[in-house]
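# Chains, contacts and geometry: an overview
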Amino acid sequence: SGAKSSATAAKVLLMKLKLHAVGDKGIPQSERVYLQIVPPLSRKLAPLGFFFSKKWPVGKMVDMAASHYGLPNDPSQAKKLRLFSMSSGAAFSMSSRLETLQELASGQRAILEYSTTEQLGSTEKYS
C-alpha cells in the first residue's frame, strides 16, 4: 500500500539522517530532532541532514543551517531566509519552538528559502 511504503521510506530516511546529520554535538540525544533541509534553489546545493534541539525556536534552526551552507542571512533584507513546510509551502514562525511543530518530527523534510512572503507558490520543485 502507498501509506505503508511511505512509512518505510520515512524510516529509511531517518536512519540515513541519523548517520550523516550535522548539528551541535552538545544537544542531548533525547532532545535531537533529525530533519532533511532543502537549501534555496538558487544556490544549487544538495539537501543535507541536520539535527536540532527540540527546544530551539525555528529562527535558531535557520541560523544554524544558513551558517553550515554559507548562506547570507540578514533579517533586515526584504527577502528573508525562512523555513517552509514541504507539504503546504507555508513558512514556520521564527519564534515557534521545534517541539510544538508536528510537521517537523524527526525524519521530515523542510525547505530553507529566501522569500518576501509567508507562502511558497509550489514546493514540487524542491522535492
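Here we summarise the structure given alongside this text. (Residues numbered from 1 in each chain as written. Predicted model: local features only at pLDDT ≥ 70, side-chain atom pairs only at ≥ 80, totals over all residues. Heavy atoms only, no water.)

### Some thoughts on the sheet that holds strand 4 (residues 80–85)
The sheet built from five strands is open, its strands ordered 1-3-2-5-4 with mixed pairing. Looking at strand neighbours, the two that pair on one side only are strand 1 (22–23) and strand 4, the edges of this open sheet. The pairing of strand 2 (residues 32–38) with strand 3 (residues 48–53) spans six bridges and is classified as antiparallel. The residue of strand 3 that forms the bridge with Leu35 is Phe50. In this fold helix 2 (residues 58–69) packs onto strand 1, strand 2, strand 3, strand 4 and strand 5 (108–115), with an angle of close to 140° to the strand it touches most, strand 3. (Pairing = 2+ DSSP bridges. Helix = DSSP H or I, 4+ residues; strand = E, 2+ residues; numbered from the N terminus. Contact = heavy atoms within 4.5 Å. Axes fitted to C-alpha atoms, helices over the stretch in contact; angles between N-to-C directions.)

### What about unusual backbone geometry?
Even without glycine at this site, Lys44 takes up a positive phi of about 50°. Along the polypeptide, Lys44 turns up in the loop between strand 2 and strand 3.

### As for helix 2
For helix 2, which comprises twelve residues, the first-to-last C-alpha distance of 16 Å matches the rise-based estimate of 16 Å (1.5 Å per residue) to within 8%. Every buried residue of helix 2 is listed here: Val58, Gly59, Met61, Val62, Met64, Ala65, Ala66 and Tyr69. Elements that come into contact with the buried residues of helix 2 comprise strand 1, strand 2, strand 3, strand 4 and strand 5. (Expected span 1.5 Å × (residues − 1). Buried < 20%, exposed > 50% of the residue type's maximum accessible area, 1.4 Å probe, protein only.)

### Describing the nonpolar core
Ranked by internal contacts, the top residues of the largest apolar core, which has 28 residues, are Leu35, Ile37, Phe52, Met61, Leu83, Leu104 and Leu112. Elements with a contribution of two residues or more to this core: strand 2, strand 3, helix 2, strand 4 and strand 5. In terms of residues, this core owes the most to one element, helix 2, which gives seven residues. (Core = buried A, V, L, I, M, F, W, Y, C linked by side-chain atoms within 4.5 Å.)

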